[in-house]
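Per-entry structural report
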Amino acid sequence: MNRLLVWYGELATTRKLTSRGLALLAVPLAWIILLLVAPLGAMMAWSAASRSASGDIEWTLSAANFLRLAGFDSFGWTRSYLVILGTTILVSAVTTIVTIALAYPLAFAIARRPPAHRYLWLALIIIPFCTNLVIRTYAWMLLLGSQMPPARLVQWLHFIGPSEALYPSRFAVYIGMVSNSLPFAVLPLYTNVERLDWAIVEASRDLYSGPVRTFMHGILPQTFPGLVTAIILTFIPAMGAFVIPDLLGGGKSWMLGNLIQHQFGVSRDFPFGAAVSLVLTFLTMIGLLVLRRSGDEVSIL
Amino acid sequence: MRRSPAGSAVKLRAGAGTNRLHPALSALAVGTLVFLYLPLAAVAGMSLNTARFGAAWKGFSLRWYAQLLNNEVVLHAAANTLVLAAVSTAISTVLGTLLAIGLERFPWPRWMRRIVDGVVYVPVVTPDIVFAVGMLLAFEAARQVLGGLRLGMGTMIAAHVTFQISFVALVVGSRLATLGRSVEEAARDLYAGTWHALRRVTLPLIAPGIVSGAMLAFTLSLDDFVISFFTSGPSSVTLPLYIYGSLRRGITPEIHALSTIVFLVTVALVLGLQVLARNPEKE
Amino acid sequence: MRKLAIVLFCCALLAACGRSSSGSAGGSAAGTASVTVFMYSEYIDPALVQKFEKETGLKIVLDTYENTEEMMSKVSSAGDQYDVVVVSDHAIPVMAARGTFRTLDVQKIPNARNISKRFTRPPYDPEGKYSLPYQWGTMGLIYRTDKLPGFVPSWAAVLDPARQPGPVVLLDSMRDLMAAALFHRGFSPNSRNAAELKSAGELLRASRTKKMVGFYGSPDSVGKVLAGDAWVGIAYNGDAVAKLDQNTDFVVPREGTIIWVDAMTIPAKAPNPAGALKFMDFILRPDVGAQLSNFLDYATPNEASLPLIKPEVRNDARVYPPDSQTAKMVMLEDAREATTLYDQVWTRVKAGE
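Residues numbered from 1 in each chain as written. Chains lettered and ligands numbered in written order. Predicted model: local features only at pLDDT ≥ 70, side-chain atom pairs only at ≥ 80, totals over all residues. Heavy atoms only, no water.

**Comments concerning the overall build of chain B**
Helices and strands together make up the secondary structure of chain B, namely 11 helices and 0 strands. Ordered by position from the N terminus, the helices and strands of chain B form the series α-α-α-α-α-α-α-α-α-α-α. Split into buried and exposed, the 283 residues of chain B put 57% on the buried side. Partitioning the contacts of chain B with sequence separation of at least 6, the portion at a separation of at least 24 is 69%. Of the roughly 12400 Å² that chain B leaves accessible, carbon and sulfur atoms contribute 66%. (Helix = DSSP H or I, 4+ residues; strand = E, 2+ residues; numbered from the N terminus. Buried < 20%, exposed > 50% of the residue type's maximum accessible area, 1.4 Å probe, protein only. Contact = heavy atoms within 4.5 Å. Areas by Shrake-Rupley, 256 points an atom, 1.4 Å probe, with all protein chains shown as cover.)

Written out as C-alpha cells, the structure is:
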C-alpha cells in the first residue's frame, strides 16, 4: 500500500522511501548475510551432529551436545559446565558494571574539553589498543607481580601474604577485562554525552536534586542509546573472552570462550563447539532483546 | 545549542557544559586514563631494559630497537597491518554509515527493524573463533562458485570489514537516535533536497559518531588476531600474528620495542591528524 | 568534508602502496622458484634459510603457526599454498587419513637414510610414507635446586596434593598433562579406557590446591620457576634446558614421559613438490641437521648429525636422554573416538570450583 506521508519534513510516498532505504541498506546487509550469517547458519546445524573418530562431522543427529552442556556427559552428571556458565556471566556482568562506571566520568571529562581537542582525547583512549592484547595482558602480569608497587601496597595492607602476587586471581582478570573494555564503552557514551542537553541537568539542579537523582533522571535517559551500545560492546565480548582469563586467571577458571576455543582448537569437536556457541549467542541475544526493548521506549527529544 | 533564559546567572559556552565536573569525578577520569596506560608504560620500560628476561632493571639500552629495525619480516608485517586496517576501515565506515542511516531514518515496520537489528548484531555477538570458522566456510563456498580464491590480503580485508560494519553502524546509529528530527525537518522546510540535506545537515551532525565508529573499526582491525590468522595466506602476516607467534619462545624485548614503536607511531599519526584538522574548515 | 577527503585519499594511497608491496611478495611466493614452508615460529636458523637459498637458487617463504589446530585449519583451507609443513606427531595420523599429505618419494631424498632407527617407522606414521622427522624432545619437570635439594623426580611433585613441595605450575596442554597423570597412575598416556581417564582426571582435579599457581604454557612455566614464583613446573626439555641457571634444573620423572616429534610433510596439493623434496633433503644433511639442532637446542633425529652436535649438548642427558630413560618414553597417538572422553575430563579439570 503506497501511502503518502510527511517524513522528516519531506512529502514522499512509502514506496519511494522504501526503495531509497533499501538502496542504502542493500550492500552492507548483503555483505554481512553472505559472508557471515549464512555460514553461521550452516554451522549451527552442526550442533545436532557429532564428532567422528577422526574429528570430522558425523551426521548422526542427536541432542548429546546440548545434554553435555547441561552437565550430562559420558561420566555422569557434572556441575562443571554450569560453573563455567556461571563464571562467564558473573565476570562479564562485573566487568560491564565497573567499565561503565569508569567510562561515564571519562566521557564527561572529554566532552568538557574544547571541541578542537576532543578527538585527540578520544584517540588517546584508543591508542593503548594499538598494542596487541596478549602483549598488554603480559604487561599486566608483570605489573601485578609480587615485587611491583601495587602488590607491595596490598601486601602492606595485609590483604594478601608477604610475597604473594596479585595474579593469577579473579581480581587480576577483572583488571585485564576492564582495561580491555574501556575504549568500547567510552566511545559510544561519548557520542551521546557530547550531545547532552545540559539545560536539563541545570534545571534538575535548580530544583534541588542531589547528584544521584540528577544523573538518573537528567543524564541517564539522554545517554540511554549510547549506554545500551556501551553495555553491548562490553558485555558481549566479555562473554566470549578467553585470553585474559587464561593468562591473568592462571587458566584455573574456564569461561565459555575457553570452552569454545578448545572445541575448535585442540579437540576439533566442531559439533560441540557449535552447540556451545549457539547457547552463548542465544544468551546474549536474550540480553540484547531486553536492552532493545527498553531502548525503544525511550523518547528522544 | 540552547541559550539559557535571559537573566540567568549561568552562561553556557558553545559546546561545553557549565556543569563543572565534581573533582572526585575528574580525578576518577584521570585515574582511569592512567590505568589504561600502565601496561604501555611497562612495555616501553621493558623495551629499554638491557636484560632479556625478567623485570629486573639491568640498564638502559636501545639495542632491541636497532635489532628490530633490521628485521625485514617485522617491517613487512607492520606494513601489512597498516594497509589492512586502513583499507578495511575506509570500506566499513562507508558501509556502516549507510547501514545506520538506512535503518534509523526510514519508517520501517517493527518486525523489519528487529530483523535488521539482529543481522547487524550477529558479527558483534559471535565469538572470534566461530566468526573465523564462518568466514572460512564463506570463502570455501566462494571458491566453489568463483574458483581460485586464494587466502591473502583480500580475504583478510573482507573478513575485517564484516565485523567492522556492525560496530560502525552501532555507534553511528546511537548518534542518529539521539538526534532529534527538528534540524533535519528544518532543513527540509528550507527546501533542501534529499541529497543536500544528507550531505550538509545529517552527515555533519553525525560526524562525531562516524569518526568514533571509524576509530573503533581501525582499532579492532589493528589488534585482531584470531580472524586474521584464519583468513590470511602465507605472505600476508600482520603484526598481531607475528607477535603472537613469538610468544612460544617467550616475549622478547624486541617485541616490546615493536609495541612501543607502534604506540609512538599511532600517537604521531593522531597528532598529525589534529594538525590537519585545525585547518580552516570549521565544523 | 575536506577532512574526510584527505583521510580517504591517504587510505587510497596507502592501499596502492600496500598492494604493490604485498603483491610483489605474493607474486614471488606463487612462482615456481620458491618453496613455502609452514612451521612453528622461531623453529629454524635464519642462516640455514639463506644457505638453502644460496645453494639451490630457490627462495624460501616462511610462514609460522602457534599451535597444531591452527595449522590443521590453515592447511585444509590453504593447502595448495604450502610446500612443506612441519607437523606435530599426534596430528599426522588424522591428517593422513584425510588425504592431506603427498606420499613421499623417498628415492629423491637420499639423506633420509641418516635418520635414527627409532624415528624411521614411528607409531604416528608406521610406513614412513608421509613424514620425515625434524626435531624431537621430551617433557619433564623444571625445579629449583636451591629450594628442593633432594628432589625426587616424580610427577607426584606437581600432581599429588600431599607431595607438592611448594608453589607448582602445571602445563596447559590437554594431552600432555593427562599423559603425566596417566603415567603417575601407571596407565598408558595413550589410554582410551574411560575408567583410567576418569582416574587421571580425579588426580588432576585434586592437584588444584592452594599451592598450584596455575596452568601455563611451557615457556611461561619455565619463566615462573626461574623467577622463583614457582618451585616446580612442567615444561618441554628444549624450553627448559636453554634457560636453566645455577638454581634450577630439569629432570624427567621416573614414571615415564612422552616423546614429542615434529615431522616434515608435503601437502597433497603443494605448488612446488620438487622444491619441497629438495628442502627436506637439505634439512636431513648431517651438517645442516647439526646446525639446526645447535641453533634450537632441541634434539636431532638425524643419526649422522650426532657427531657434529656441540659436545656439551650431546652429552647433556636432558636433551639426549640415555637409553635407559628413553625405553620408558612414549609417543602420543591420536585418541580417535576417545578424544571426547579426554575433552570431558579436561573440562572438569579446568572449570572453576
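**Some thoughts on the interface of chain C and chain A**
How big an interface is tends to be reported as the loss of accessible area on association of its parts. Each partner contributes to the interface: chain C provides 34 residues, whereas chain A provides 36 residues. By the criterion of area lost to chain A, the three top residues of chain C are C:Q344, C:T347 and C:R348, representing 20% of everything that side buries. Remark: the boundary between chain C and chain A carries 14 residue pairs in polar contact (both at pLDDT 80 or more). At the level of secondary structure, the elements contributing two or more residues to the side of chain C that touches chain A comprise α3 (68-78), α7 (194-206), β6 (212-216), α8 (218-227) and α14 (339-350) of chain C. A per-element tally of the side of chain C that touches chain A places α14(C) first, with 10 residues. (Buried area = accessible area lost by both parts, 1.4 Å probe. Polar contact = N/O pair within 3.5 Å; in protein donor to acceptor, adjacent residues only side chain to side chain.)

**A few points about the packing of aromatic side chains**
By the definition in use, this model includes 22 aromatic pairs over all chains. Measuring from centroid to centroid gives 6.0 Å for C:Y43 and C:Y298, while their planes differ by 90 degrees, and the two rings are edge-to-face. Taken together, the residues C:Y43 in the loop between β1 (34-40) and α2 (46-56) and C:Y298 in the loop between α11 (286-296) and α12 (311-314) connect sequence positions 255 residues apart. Ring-pair connections join several aromatic residues into one group, and the members of that group are C:F38, C:Y40, C:Y43, C:Y65, C:Y82, C:Y134, C:Y236, C:W260 and C:Y298. Note that B:R63 overlies the ring of B:W64, its terminal NZ or CZ placed 4.2 Å from the centroid. Here the guanidinium or amino end of C:R175 rests over the ring plane of C:Y342, the centre of that ring lying 4.7 Å away. (Phe/Tyr/Trp six-rings, centres within 6.5 Å; stacked < 30°, edge-to-face > 60°. Lys NZ or Arg CZ within 6 Å of the ring centre and 35° of its normal.)

**A word on the interface of chain A and chain B**
With 98 residues of chain A in contact, the opposing surface of chain B contributes 106 residues. At the boundary of chain A with chain B, total buried surface from both sides reaches about 9500 Å², with 76% on carbon and sulfur atoms. Here chain A and chain B share 1 salt bridge between them. Between B:R175 and A:E194 there is a salt bridge; the shortest N-O distance is 2.8 Å. The interface formed by chain A and chain B contains 4 residue pairs in polar contact (both at pLDDT 80 or more). Take the side of chain A that touches chain B: its biggest share by element is 21 residues, from helix α1 (residues 14-46) of chain A. Its residues placed into classes, the side of chain A that touches chain B shows 69 nonpolar, 16 polar and 13 charged. (Salt bridge = Lys/Arg side-chain N within 4 Å of Asp/Glu carboxyl O. Nonpolar A, V, L, I, M, F, W, Y, C, P; charged D, E, K, R; others polar.)

**Looking at the packing of helix α12 (residues 256-264) of chain A against helix α5 (residues 128-146) of chain B**
At their nearest, the axes of α12(A) and α5(B) sit 9 Å apart, and the two run at 35 degrees to each other. The residues of α5(B) that touch α12(A), namely those facing A:I260, A:Q261 and A:F264, are B:I129, B:V130 and B:V133. Classifying every residue of the contact of α12(A) with α5(B) by side-chain character gives 5 nonpolar, 1 polar and no charged. (Axes fitted to C-alpha atoms, helices over the stretch in contact; angles between N-to-C directions.)

**Here we look at the side chain of C:D63**
Within the fold, C:D63 resides in strand β2 (residues 59-65). In this structure C:D63 is buried but unpaired, with C:K74 as the nearest side chain of opposite charge at 4.2 Å. (Lys, Arg positive; Asp, Glu negative; His and termini not counted.)

**Considering helix α6 (residues 153-178) of chain B**
Residue and element names in this part refer to chain B. For α6, spanning 26 residues, the distance from its first C-alpha to its last is 37 Å, which sits close to the expected 38 Å at 1.5 Å a residue. Maximal helix bending in α6 amounts to about 25 degrees, located at Q164. Among the 26 residues in α6, 24 count as buried, and that is most of the element. (Expected span 1.5 Å × (residues − 1). Bend = angle between axes of the 7 residues up to and from the residue.)

**With respect to the packing of helix α6 (residues 174-184) of chain C against α7(C)**
All names here are of chain C. Their axes nearest at 9 Å, the elements α6 and α7 cross at an angle of 105 degrees. Classified by the angle their axes make, α6 and α7 are roughly perpendicular. Contacts between α6 and α7 involve L177, M178, A181, L182 and H184 on the former and, on the latter, E196, L197, A200, L203 and L204. Looking at the contact of α6 with α7 residue by residue, the class counts come to 8 nonpolar, 1 polar and 1 charged. (Parallel < 35°, antiparallel > 145°, perpendicular 65-115°, else oblique.)

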